[in-house]
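Listed below, chain by chain, are the residues.
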2 protein chains.
Amino acid sequence: MKKTSLKDIAQKAGVSTALVSYVLNGKEKETRVGEAIAHKIKQIAKEMNYQPNHLAKSLRSGKTHTIGLIIADISNPFFANVARVVEDEAKKNGYTVIIGSCDEHAEKSWDLLNVLINRQVDGFIIVSCEGSENQVHYLKERNIPFVLLDRHFPEIQTDFVATNNYKASYDAGVHLIKSGYSRIGIMAYKSKMYHMEERVRGYKHALRDNNIEFLDSWLKEVHFETMDSEVRTAIDEALASDQQVDAMIFATYGLAINALKYINELRIKVPSDLAIVSFGQAEVFDLYYCPISYVRQPLEMLGKTAVEFLLKKLKNPEEGMKQILMEAKLIVRESSKAKTATLSG
Amino acid sequence: MKKTSLKDIAQKAGVSTALVSYVLNGKEKETRVGEAIAHKIKQIAKEMNYQPNHLAKSLRSGKTHTIGLIIADISNPFFANVARVVEDEAKKNGYTVIIGSCDEHAEKSWDLLNVLINRQVDGFIIVSCEGSENQVHYLKERNIPFVLLDRHFPEIQTDFVATNNYKASYDAGVHLIKSGYSRIGIMAYKSKMYHMEERVRGYKHALRDNNIEFLDSWLKEVHFETMDSEVRTAIDEALASDQQVDAMIFATYGLAINALKYINELRIKVPSDLAIVSFGQAEVFDLYYCPISYVRQPLEMLGKTAVEFLLKKLKNPEEGMKQILMEAKLIVRESSKAKTATLSG
DNA sequence: GGTACATGCTTAATCGTTTAAATAAAATTT
DNA sequence: AAATTTTATTTAAACGATTAAGCATGTACC
């Protein structure tokens, strides 16, 4: 029992496939199809439960109504949620999303890109990973529409939707200072990615603007791949030295999780021994015995806007370049509460 | 600068598209293409960076090399991870996956199914939600290949890959009993889904086989949609009554998370006030001040096997029905440690 | 009554592949 | 040398849709 095609309907109605196509695409008026026939065609289409073949449509039109979404790390709940938003938003507009995670590997990202290009996606939304600049250039050269999400390359002119990471980190730093912490560290990925540099920069400026001298030993940079062990070392160092920190900003969700596990093991008390503010958002932060203060990025808006930008570009390739930085919001919880309160402890 | 097609290559090589197709599909031998020409064609294809058009291929062959993955709830990290496994495994076999989450709504699942059928996916892997039996029947009738994952309907003959939930829950119950708990409750979704019933059944039998009389008030069933508030009520009831529980099994990850948040608020101590074993697996359980014992389902194997079953069926539609129940493993942590140890507290 | 236009429908090309069947040329057999 | 087989290549239909162009009609106008 094959799917019914235009031909089947045409045959049953005794007309050409052209008429059927016109009618079912709502072009009866422009193409002057007889009312009686039009009605008959619609009737038959319904009876036979006609569903157009997307492949054929796409082959003809060159449009697949599919978006490729390449995510740097889908195991990060922030990105997982962004992916959901993108998917929902796309579906609302009649688009299907194909998701791929490159797990922070540029080669994997490259493979994905090619697979999806071959699948004829109409455009891309990309959370770039380190070393994927060439891919961005490639897309630009080939004139394939795309929007960068959450991470972007300031030296490459592209559409992007991202968070103001500098500001977010600055705010986090100021918040800790105002809460009475003065020896504030930051843990970040060892990375040349702009969003990461911005987070470190914001933190440093927060210290500077509050007359706290930044110490090199307060910046802990770890490699993504060997995070598990490096985080432990970093925590050990941050707490053991004579430049011991009393608060720490975690530049990503993954770093925070790893650190918290270790901190648990060490029986270090948050926030009395160590105050914490983390980027990223996740249930985990609510569930920790001492709820974690975090930087809430405008997840929904990021996803929605990225889709919006891309679809606009798909509809009109001449559309101008769109770039937007959205503000994050610092959610203050127990893990960074004012130090005075813990002086008694 | 259009993509190069078979035609372009044919033109440049001065041959017909047929030859090009044969050569590039490795059918030179069967179709006896001249060696010189074959070589020339390959050469040109490489030079022009030929990438076949999947749409055209699919239209012709009726195969899209795409799998539809419908997940009951992608916000559940267990399912999110299963999705990753399925995706990776599919990709290894040259398949692309289109994921959709129905958020436990049968209608949404129905919509997804249709969207994906229209997109001509070759087959489905489905984590069914309540009330979607008709969809399973529909697929069977229309002879669309599919494999049910994690949840199945015992009264419908289908391929499936799932966990032995009865056994898992039974083990969890026995473990708690052996650890000295005797007033053991269970929190589950109010649902007619088989996997949920099995979890309750296993728990009950664990009690029965250890001469503990099951009390109705120990079974807390909450609705998925209104989980947030109902979980609180359930916890209140479980702890306040004269039939107060000293341990609790959570039949899903979501329930556990919600309950733990509330338990935190109430300042209830785990496990001294309440021991806990939960289904599902997530970082959260590691991070809780008292790491949570949980039932680890064979996530990787489930996903891989589902893909394997489906691909076999796609390759050979006559393939027999495949059903498998995999064993879960109880991971014992602090949250359910032997009661004697806490008698002093 | 001839030209012009409106109406209602069909034809056929096209998108990029695959592949059975046809064809032509060369090699082998009778 | 004719018949047959093998080898190398082309032709053309098909997948399922879209759409410009063509072709009959009928109606209106001068």
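Conventions used here
Residues numbered from 1 in each chain as written. Chains lettered and ligands numbered in written order. Predicted model: local features only at pLDDT ≥ 70, side-chain atom pairs only at ≥ 80, totals over all residues. Heavy atoms only, no water. Near = heavy atom within 4 Å. Polar contact = N/O pair within 3.5 Å; in protein donor to acceptor, adjacent residues only side chain to side chain. Helix = DSSP H or I, 4+ residues; strand = E, 2+ residues; numbered from the N terminus. Nonpolar A, V, L, I, M, F, W, Y, C, P; charged D, E, K, R; others polar. Contact = heavy atoms within 4.5 Å. Buried area = accessible area lost by both parts, 1.4 Å probe. Salt bridge = Lys/Arg side-chain N within 4 Å of Asp/Glu carboxyl O. pLDDT = per-residue confidence, 0-100. Buried < 20%, exposed > 50% of the residue type's maximum accessible area, 1.4 Å probe, protein only. Phe/Tyr/Trp six-rings, centres within 6.5 Å; stacked < 30°, edge-to-face > 60°. Pairing = 2+ DSSP bridges. Axes fitted to C-alpha atoms, helices over the stretch in contact; angles between N-to-C directions.

Peer 1: Can you tell me about the protein's contact with DNA strand C, naming the residues and giving the values?
Peer 2: Among the 27 residues in the neighbourhood of DNA strand C, the closest are listed as G34(A), L6(B), S21(B), K27(B) and R60(B). Each atom of DNA strand C within 4 Å of the protein was assigned to sugar, phosphate or base; sugar and phosphate come to 58%. Contacts to DNA strand C include S21(B), whose side-chain N or O atom sits 2.6 Å from a phosphate oxygen. Side-chain polar atom of K57(B) to a phosphate oxygen of DNA strand C: 3.2 Å apart, as the coordinates give it. Among the secondary structure elements, those contributing two or more residues to the surface near DNA strand C are α2 (17-24) and α4 (54-61) of chain A together with α1 (6-13), α2 (17-24) and α4 (54-61) of chain B. Of the residues assigned to the surface near DNA strand C, the class counts are 12 nonpolar, eight polar and seven charged.

Peer 1: Account for the interface of chain B and chain A, with residues named and values stated.
Peer 2: Listed by partner, the interface residues are 42 residues for chain B and 41 residues for chain A. By the criterion of area lost to chain A, the three top residues of chain B are L55(B), R119(B) and L287(B), representing 20% of everything that side buries. Inspection of the chain B/chain A interface yields four salt bridges. Two residues, K261(B) and D286(A), come together in a salt bridge whose shortest N-O distance is 3.6 Å. Between chain B and chain A we count 14 residue pairs in polar contact (both at pLDDT 80 or more) in total. Only α4, α5 (77-92), β2 (96-101), α6 (106-118), α11 (253-266) and α12 (283-287) of chain B provide two or more residues apiece to the side of chain B that touches chain A. For the side of chain B that touches chain A, the residue count by class is 18 nonpolar, 14 polar and 10 charged.

Peer 1: Describe in detail the confidence of the model for chain A, supporting the description with residues and values.
Peer 2: Of all residues in chain A, 98% have pLDDT values of 70 or greater, and the mean over the chain is 94. Under a pLDDT of 50 for its full length, residues 341-345 of chain A has, in the predicted model, two contacts with residues more than four places off or in other chains.

Peer 1: Report on the protein's contact with DNA strand D, specifying residues and quantitative values.
Peer 2: Around DNA strand D there are 27 residues in total, and L6(A), S21(A), K27(A), Y50(A) and R60(A) lie nearest to it. Contact between DNA strand D and K57(A): a phosphate oxygen at 3.3 Å from a side-chain N or O atom of the residue. S16(B) is positioned with one of its backbone polar atoms (N or O) 2.9 Å from a phosphate oxygen of DNA strand D. For the surface near DNA strand D, the per-class residue count stands at 12 nonpolar, nine polar and six charged.

Peer 1: I'd like to hear about the pattern of salt bridges, residue by residue, with values.
Peer 2: Summed over the entire model, instances satisfying the criterion amount to 37 salt bridges over all chains. Ionic pairing is found between K167(A) and D171(A), a salt bridge with its closest N-O pair at 3.4 Å. Pair noted here: K167(A) and D171(A) are both in helix α8 (residues 165-178), with a separation of four residues, about one helical turn. Using a relative accessible area of 35% as the deciding quantity, one classes K167(A) as partly exposed. A relative accessible area of 26% places D171(A) in the partly exposed class. Here E104(B) makes a salt bridge to R151(B), at a shortest N to O gap of 2.9 Å. Linking E104(B) in the loop between β2 and α6 with R151(B) in the loop between β4 (146-150) and β5 (160-163), this pair joins segments that are 47 residues apart in sequence. The class of R151(B) is buried, set by a relative accessible area of 6%. When salt bridges with common partners are traced through the structure, they connect R84(A), D103(B) and K108(B) into a single cluster.

Peer 1: Can you break down the environment of S132(B) residue by residue, with the values?
Peer 2: All names here are of chain B. Its place among the elements puts S132 in the loop between β3 (123-126) and α7 (133-141). The exposure class assigned to S132 is buried, which follows from its relative accessible area of 3%. Separated by 185 residues in the primary sequence, S132 and P317 place their C-alpha atoms 23 Å from one another. If we ignore the near neighbours within four places in the chain, the residues touching S132 are A106 and F153. Of note is the side chain of S132, whose polar atom sits 2.7 Å from the backbone oxygen of C129.

Peer 1: Before we move on, can you summarise the packing of aromatic side chains with the specific residues and values?
Peer 2: All told, the structure shown has 16 aromatic pairs over all chains when counted by the stated rule. Measuring from centroid to centroid gives 5.9 Å for Y203(B) and F214(B), while their planes differ by 85 degrees, and the two rings are edge-to-face. Linking Y203(B) in helix α9 (residues 194-209) with F214(B) in the loop between α9 and β7 (219-222), this pair joins segments that are 11 residues apart in sequence. Feature note: the residues Y253(A), F285(A) and Y294(A) constitute an aromatic cluster, connected by ring pairs.

Peer 1: Can you explain the sheet that holds strand β3 (residues 123-126) of chain A? Please cite residues and give values.
Peer 2: Sheets are built from strands that pair by backbone hydrogen bonding, the pairs being arranged parallel or antiparallel. All names here are of chain A. Taken in spatial order, the six strands make up an open sheet running β2-β1-β3-β4-β5-β11, and their pairing is parallel. Of all the strands in the sheet, the pair left with one neighbour each is β2 (96-101) and β11 (323-326). The average undirected angle you get between the axes of adjacent strands in this sheet is 15 degrees. The pairing of strand β1 (residues 66-71) with β3 spans four bridges and is parallel. What sits directly across from I67, in β3, is G123.

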